[in-house]
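Close look at the chain arrangement
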Amino acid sequence: MIFNDDKTEKEIIEKIDAAKEFLDRTPQKILIKNTGKIIKSIPAIPQISKKWFQKSYVIEPDKNDFLTGKGVFYLTEGRKLFLDTTAGHYQMTWGYDHPVLMNNLEKALEAGIPWDCHSNIPGFYVKKLSEKLVQICNPQANIQYIRNKQDSLNTVLLGIATGSVACSTAMKIAINYFKKNKPLAKKMVLVSLNGNYHGTDFLMQGLRGMWKELFSKYIIFEMVEPNDINGLRNVFKKHEKNIAAFFFEPVMMNREAILLNRDFIQEARNLTEKVDALMIVDEIQTCCWYPEIFMYKQFDITPDILILGKGLTAGFHPLSAIVYKRKLDSLKQYDAISTNGNAPLPAFMALSCLNLIERSLHTIGTLSSYYEKSLEKLVCEFPDIIVSRQGSGFLSGLKFKNQQIALQFHKKCLASGIWLRVHAYYQGHSTALTKFALCVTKDIIDFATTSFRKILKRF
Ligand SMILES: Cc1ncc(COP(=O)(O)O)c(C=O)c1O
């Protein structure tokens, strides 16, 4: 208890305990049966108002706010049971309250590993995580040999909390590289994809068309349609050596889960190499959700900078990282990391998460392709309503014929206790999106897709 005299706090804690106990003791089969229902066997919770938040943060009524979760299920303050198909909005790699991760966390706390610490004395797990990330990037290579190569992904910048800072760190490296290698260039060109999302930093928002007036003297932002090889070639032809970097996300989770194709990415690699621009892959969404762990490997390319975040720590205190080639190592101590902080416990949790992934590669591969196939079936069954399956593996969506259907589908899913996202607020966008946590089971996938089917039949 934090507020000794606050009766509401006491009441809330007791009731959260009761709700959590319900999730802990109820078998998956029964949770599935009760999805979308108000669980009356747990006590009602006094709801706390969001009146002090900024306006844009107040979207759902208080009764829909998160109370407690277990695996892929969670309960709201209004006691409604939800199946979360989004892994806590894309970052809880192993769902809520995973037993192995919780057990590891307890042991780490007992061992006195701190959440945050001096960056000058990073400690065992931070060092171990940096080594692990390099190993995943270079699985076949002798690690000592890799260390001395200028052109391998062998340098790690850790200690960045959010993905936005990781993205802006990659941007700073790209700018340094550009200034050093192309000192005569009058303008710098940054290329990205239409519909990109690389976080909330100024320059990264510049990539998606914001704040242009602040940068227009020196920077040109070019956006290419995803998978438009000719469009990409035209931009590279137009700006050639003035291009500093090309940023992309393998699955565009902020634009209808568009999956980039191999030809497009390989051409991007050729073009960036030709003009000595950096290829920067933002895997804040895709890292840790595929058997390869980093999705860039599926395209058979090596980027210059790899950006990691979100799922890396499975939702325990955010920790982001960039992995890049040694020749790009240009930032000084206070250029990008959190000023003095470092993150031993999040690094430990990231290692635990990676370890779980490595132990589950086969299941991840099997279940994610089973999910893809289940969604494909829906595409075939409802050709008048669904246009396509989007994305890849658990990061998949259904693109509908129009915005209205997508919004209706989303609303009906929420009403029946299935939490998912929708992109249908821009013209032409009409996709419902999911990103299942890796603890998902075949029964849960069947339940979700059967529920989608039932909803689609009612259109
Ligand atoms: C692809 C991508 N890049 C960057 C970010 C920013 O990460 P963060 O929210 O941790 O700052 C996000 C967040 O959703 C993202 O999806």
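Residues numbered from 1 in each chain as written. Predicted model: local features only at pLDDT ≥ 70, side-chain atom pairs only at ≥ 80, totals over all residues.

Per the secondary structure count, the protein includes 15 helices and 19 strands. Since a compact globule built from 459 residues should have a radius of gyration of about 23 Å, the 23 Å found for the protein is in line with a globular shape. When burial is assessed residue by residue, the protein has 45% of its 459 residues classed as buried. Put simply, 72% of the contacts in the protein that link residues at least 6 apart link residues at least 24 apart. (Helix = DSSP H or I, 4+ residues; strand = E, 2+ residues; numbered from the N terminus. Rg over C-alpha atoms; globule rule 2.2 N^0.38 Å. Buried ≥ 20, exposed ≤ 12 C-beta atoms within 10 Å, placed from the backbone. Contact = placed C-beta atoms within 7 Å.)

Let us look at the site of the ligand. Every one of the 16 residues lining the ligand counts as a neighbour, but Thr162, Gly163, Ser164, Gly199 and Ile284 are closest to it. For the shell around the ligand, the leading source of residues is helix H7 (residues 163-181), giving three residues. In the shell around the ligand, the residues fall into five nonpolar, eight polar and three charged. (Near = placed C-beta within 6 Å. Nonpolar A, V, L, I, M, F, W, Y, C, P; charged D, E, K, R; others polar.)

Before going further, it helps to examine unusual backbone geometry. We note that His89 has phi near 55 degrees; this positive angle belongs to a residue other than glycine. Mapped onto the elements, His89 comes out in helix H3 (residues 87-90). If you check the backbone angles, Trp211 has positive phi at about 60 degrees while not being a glycine. The topology assignment puts Trp211 in the loop between helix H8 (202-207) and helix H9 (212-215).

This part takes up the pairing of strand S19 (residues 431-435). Of all five residues making up S19, five are buried, and the element is well covered by its neighbours. By the bridge criterion, three bridges tie strand S18 (residues 421-423) to S19 in an arrangement that is antiparallel. Of the residues in S19, the one forming a bridge with Arg421 is Leu433. (Pairing = 2+ DSSP bridges.)

This part takes up the nonpolar core. Ranked by internal contacts, the top residues of the largest apolar core, which has 137 residues, are Ile280, Leu306, Ile307, Ala321 and Cys353. A per-element tally of this core places helix H12 (residues 344-359) first, with 10 residues. There are two domains that each give this core at least three residues, and those are domain 1 (7-98 + 361-457) and domain 2 (109-359). Once residues lying within four places of it in the same chain are set aside, the contact partners of Ile307 are Ala166, Cys167, Ala170, Ile280, Val281, Asp282, Glu283, Ile284 and Ile322. (Core = buried A, V, L, I, M, F, W, Y, C linked by C-beta atoms within 7 Å. Domains from an automatic or database assignment.)

The strand order S1-S2-S3-S17 describes an open sheet built from four strands, whose pairing is mixed. A single partner strand is all that each edge strand has here, and the edge strands are strand S1 (66-70) and strand S17 (418-419). Packing against the sheet, helix H1 (residues 7-25) makes contact with S1 and strand S2 (73-76), and its axis sits at approximately 30 degrees to S1. (Axes fitted to C-alpha atoms, helices over the stretch in contact; angles between N-to-C directions.)

This next bit is on helix H4 (residues 99-110). Between its first and last C-alpha, H4 extends 17 Å over 12 residues, near the 16 Å set by a 1.5 Å rise per residue. Just beyond H4, the residue with positive phi is Gly112, at close to 80 degrees. (Expected span 1.5 Å × (residues − 1).)

Attention shifts here to the pairing of S1. Counting buried positions over the five residues of S1 gives four, a clear majority of the element. Alignment of S1 against S2, held across four bridges, turns out to be antiparallel. By the bridge assignment, Thr68 is partnered in S2 with Leu75. The loop that links S1 with its antiparallel partner S2 comprises two residues; one of these, Gly71, has a positive phi angle of about 60 degrees.

Attention now moves to the sheet that holds strand S13 (residues 320-325). A sheet is described by the order of its strands in space; here seven strands give the open sequence S5-S13-S12-S11-S8-S6-S7, paired in mixed fashion. Across the chains shown, the open sheet's two edge strands, defined by having one partner strand only, are strand S5 (153-160) and strand S7 (219-224). The sheet shows a mean angle of 20 degrees between the axes of neighbouring strands, taken without regard to direction. Where strand S6 (residues 188-193) lies against strand S8 (residues 243-248), three bridges are found, and the strand directions are parallel. The residue bridging Val191 from the neighbouring strand is Phe246, located in S8.

At a minimum axis separation of 8 Å, helix H5 (residues 124-137) and H12 run at an interaxial angle of 40 degrees. Taken together, H5 and H12 sit at an angle that is classed as oblique. Seen along the crossing, H5 lies across H12 with a hand that is left-handed. In this structure, H5 uses Tyr125, Val126, Lys128, Leu129 and Lys132 to contact H12, whose residues at the interface are Pro344, Ala347, Phe348, Ala350, Leu351 and Leu354. Residue composition of the contact of H5 with H12, grouped by class: nine nonpolar, no polar and two charged. (Parallel < 35°, antiparallel > 145°, perpendicular 65-115°, else oblique. Left-handed = near helix turned anticlockwise from the far one by under 90°.)

Time to look at the environment of His423. Mapped onto the secondary structure, His423 falls in strand S18. The exposure class of His423 is buried, given the 25 C-beta atoms found within 10 Å. Spatially, the C-alpha atom of His423 lies 9.3 Å from that of Met253, the residues being 170 residues apart in sequence. Not counting chain neighbours up to four residues away, the residues in contact with His423 comprise Arg255, Glu256, His429, Thr431 and Leu433.

Here we take up helix H13 (residues 361-381). Taking 1.5 Å per residue, 21 residues should reach 30 Å; H13 reaches 30 Å between its end C-alpha atoms and fits that length. Listed in full, the buried residues belonging to H13 are Ile364, Leu367, Ser368, Tyr371 and Leu375. Within H13, the buried residues cover an arc of 100 degrees as seen down the axis, which keeps them to one side. Opposite the packed face of H13, turned more than 90 degrees from it, sit the exposed residues His362, Ser369, Lys373, Cys380 and Glu381. Looking at the packing, one finds that the buried side of H13 touches H12, strand S15 (386-392), strand S16 (395-400) and helix H15 (442-457). (Arc of directions from axis to C-beta.)

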